[in-house]
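Analysis of the macromolecular model
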Amino acid sequence: MKIHNFSAGPSILPKSVIKEASKAIIELNGIGLSLLEISHRSNHFTEIIEEAKELTKELLNISDDYEVLFLQGGASLQFYMSALNFSSTNGKCGYIDTGTWSSKAITESNKLEGETIIIASSKDKNYNYIPKNIIEKKNLDYLHFTSNNTIYGTQYHSFKNILNHYPETALICDMSSDIFSRKINPNNFSLIYAGAQKNLGPAGTTLVIIKKSIFNPQTTHFNKMHLENLKHLPSYLKYTTHIEKSSMFNTPPVFSIYTCMLTLRWLKNTGGISAIEEKNRKKSDIIYHEIDRNPLFEGYTQKDDRSIMNATFKLKRPELKDKFEKLCTQRGISGIHGHRSVGGYRASIYNALDIQSVNALIETMQELEKIR
Ligand SMILES: *Cc1c(COP(=O)(O)O)cnc(C)c1O
């Protein structure tokens, strides 16, 4: 039976990518050695990481002022690392609180000297919407937000509101669960980061897209003292270390990066961002249409802010839980349990998930309606 993988992360990857990645564990491209037993400084590997960077730049249309890095420590390390590099002594750091992941970023920022300011939040309704009211603060060191809230199923459909309120501020965005899913303009940001395991590859690497000119004394908006302080940060936690060493400061996670590269190739060969965005919108339309139509279900989030990557919903009558979940098992629907902080269900419909799988899910929802 085909299993339809709606897991929130680590999550579905293209079958062809998994096949090719598994082959490389035995032997990489006929070189007589496994991908896992060659030097990361060999041509075999440097070609792989260079291709991954180039594909990232090409697919997202990133200008040459940005460096693409593949780091470790997950998005979770980026919570701290971004604050550490961007916040100044006595400075003010702005955060938008849209749920668990942004809250964790706020926790890390609070460990540093600067003042952490929440300029918008949707906590009052357990994060079921994207806050539209943004407080304006002068001279923020940066503004951090989460583009797609994996757990709650909300997403910024446009960054205009933020850009209008903070046109001059360095923007930092956690795009872990919607990077490469739709067209964005990366050139609006000083830093974008994303754990690979949602839409890009296996766990183990974090994609970081960072604007290089902010570290250049001639072009930076950082003051002298800030630039001086940066020099004394731990080597691994400085973006400049990784920029200078092209992600090779220490041994990079070779398997994870290789698999990301294969996913990016797949994405390019299937039509790039515009084609995948169309597919993702189709999938999310199908699922939200069923959530709204089917009298047994209701969506969790406000309609305008619904994510095209993670659809959260509940049963209106909780007593149908066992019946629904049994049907899901019978039909190969896997990984739709909601996060414990929201409950109900969450269908993660990342890039590699096919429309057939979404159809299998809505047929299961319709079957429940017929037999209940
Ligand atoms: C999954 C996720 C994270 C956590 O990523 P790690 O790589 O496990 O640290 C952070 N932010 C968002 C939006 C996520 O979806």
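Model, not experiment: these values are computed from the prediction. (Residues numbered from 1 in each chain as written. Predicted model: local features only at pLDDT ≥ 70, side-chain atom pairs only at ≥ 80, totals over all residues. Heavy atoms only, no water.)

Section: the pairing of strand S12 (residues 310-315)
In terms of burial, S12 is a largely internal element, five of the six residues being buried. Taken together, the three bridges between strand S11 (residues 297-299) and S12 define a ladder with antiparallel strand orientation. Opposite glycine 299, over in S12, you have phenylalanine 313 as the bridge partner. Bridging between S12 and strand S14 (residues 345-348) involves four bridges; their strand directions are antiparallel. Each bridged residue has a counterpart across the sheet, and for phenylalanine 313 the counterpart in S14 is tyrosine 345. (Buried < 20%, exposed > 50% of the residue type's maximum accessible area, 1.4 Å probe, protein only. Helix = DSSP H or I, 4+ residues; strand = E, 2+ residues; numbered from the N terminus. Pairing = 2+ DSSP bridges.)

Structural notes on the sheet that holds S12
Taken in spatial order, the three strands of this open sheet run S11-S12-S14, and their pairing is antiparallel. Only two strands of the sheet have a single neighbouring strand rather than two, namely S11 and S14. Neighbour-to-neighbour, the strand axes of this sheet turn through a mean angle of 35 degrees, independent of strand direction. Contacting S11, S12 and S14, helix H9 (residues 272-293) crosses the sheet at an angle of about 15 degrees to S12. Running over the sheet, helix H10 (residues 321-330) touches S11, S12 and S14 and is turned about 25 degrees from S14. (Axes fitted to C-alpha atoms, helices over the stretch in contact; angles between N-to-C directions. Contact = heavy atoms within 4.5 Å.)

Let's talk about the packing of aromatic side chains
Per the stated rule, a full pass over the model turns up 17 aromatic pairs. Seen from their ring centres, phenylalanine 86 and tyrosine 239 are 6.5 Å apart, and the 70 degrees between their planes marks the pair as edge-to-face. One end of the pair, phenylalanine 86, is in helix H3 (residues 74-86); the other, tyrosine 239, is in helix H7 (residues 239-244), with 153 residues separating them in the sequence. Owing to a relative accessible area of 1%, phenylalanine 86 belongs among the buried residues under this scheme. Judged by centre distance (5.8 Å) and plane angle (35 degrees), the ring pair of phenylalanine 313 and tyrosine 345 falls under tilted. With phenylalanine 313 in strand S12 and tyrosine 345 in strand S14, this pair connects stretches of sequence that are 32 residues apart. Of the two residues, phenylalanine 313 and tyrosine 345, neither departs from the other in class, the shared state being buried. For lysine 125, the ring lying beneath its charged end belongs to tyrosine 129, and the centroid distance is 5.7 Å. (Phe/Tyr/Trp six-rings, centres within 6.5 Å; stacked < 30°, edge-to-face > 60°. Lys NZ or Arg CZ within 6 Å of the ring centre and 35° of its normal.)

Some thoughts on the environment of proline 253
With respect to the helices, strands and loops of the structure, proline 253 is situated in the loop between H7 and helix H8 (254-269). With relative accessibility at 15%, the residue proline 253 sits in the buried group. Sequence separation between proline 253 and threonine 206 is 47 residues, and the spatial gap between their C-alpha atoms is 9.8 Å. Sequence-distant contacts of proline 253, defined by excluding residues within four places in its chain, comprise Gln72, Gly204 and Thr205.

Here we look at the site of the ligand
The local shell around the ligand holds 13 residues, among which Ser76, Thr150, Asp174, Gln197 and Lys198 are the closest. Separating an oxygen atom of the ligand from a side-chain N or O atom of serine 76 is a distance of 2.6 Å. In this structure, threonine 150 approaches the ligand through a side-chain N or O atom, which is 2.4 Å from an oxygen atom. Look at the ligand: alone it shows 390 Å² of surface, and the protein chains cover 87% of it. (Near = heavy atom within 4 Å. Polar contact = N/O pair within 3.5 Å; in protein donor to acceptor, adjacent residues only side chain to side chain. Areas by Shrake-Rupley, 256 points an atom, 1.4 Å probe, with all protein chains shown as cover.)

Things to note about helix H4 (residues 100-109)
Listing the buried residues of H4 in full gives Thr100, Ser102, Ala105, Ile106, Glu108 and Ser109. Of the surrounding elements, those touching the buried residues of H4 are H3, strand S3 (92-97), strand S4 (115-121), strand S5 (142-146) and strand S6 (148-149).

Notes on the domain arrangement of the protein chain
Taken domain by domain, the protein chain comprises domain 1 (15-268) and domain 2 (272-371). For domain 1 and domain 2, the distance between their C-alpha centres works out to 28 Å. On the side of domain 2, 26 residues touch domain 1, which itself brings 28 residues to the contact. Counting each side, the surface lost to burial between domain 1 and domain 2 is near 2,200 Å², with a carbon and sulfur contribution of 51%. The interface formed by domain 1 and domain 2 contains one salt bridge. (Domains from an automatic or database assignment. Buried area = accessible area lost by both parts, 1.4 Å probe. Salt bridge = Lys/Arg side-chain N within 4 Å of Asp/Glu carboxyl O.)

Comments concerning the packing of H10 against helix H11 (residues 355-371)
Viewed as axis vectors pointing N to C, H10 and H11 meet at an angle of 135 degrees, and their least axial separation amounts to 10 Å. Taken together, H10 and H11 sit at an angle that is classed as oblique. As H10 packs across H11, the resulting crossing turns out to be right-handed. Side by side, H10 and H11 meet where Lys323, Phe324, Leu327 and Cys328 of the first sit next to Thr364, Met365, Glu367, Leu368 and Ile371 of the second. Counted by class, the contact of H10 with H11 contains six nonpolar, one polar and two charged residues. (Parallel < 35°, antiparallel > 145°, perpendicular 65-115°, else oblique. Left-handed = near helix turned anticlockwise from the far one by under 90°. Nonpolar A, V, L, I, M, F, W, Y, C, P; charged D, E, K, R; others polar.)

Side note on the pattern of salt bridges
Under the defined criterion, the tally for this structure stands at 19 salt bridges. The partner of arginine 265 in a salt bridge is glutamate 51, and the shortest N-O contact between them spans 2.7 Å. Here glutamate 51 lies in helix H2 (residues 43-60) and arginine 265 lies in helix H8, a separation of 214 residues in the sequence. We classify glutamate 51 as partly exposed; its relative accessible area is 26%. For the salt bridge of lysine 132 with aspartate 305, the shortest nitrogen-to-oxygen distance reads 2.8 Å. Pair noted here: lysine 132 is in the loop between S4 and S5 and aspartate 305 is in the loop between S11 and S12, with a separation of 173 residues, a long-range link. We classify aspartate 305 as buried; its relative accessible area is 5%.

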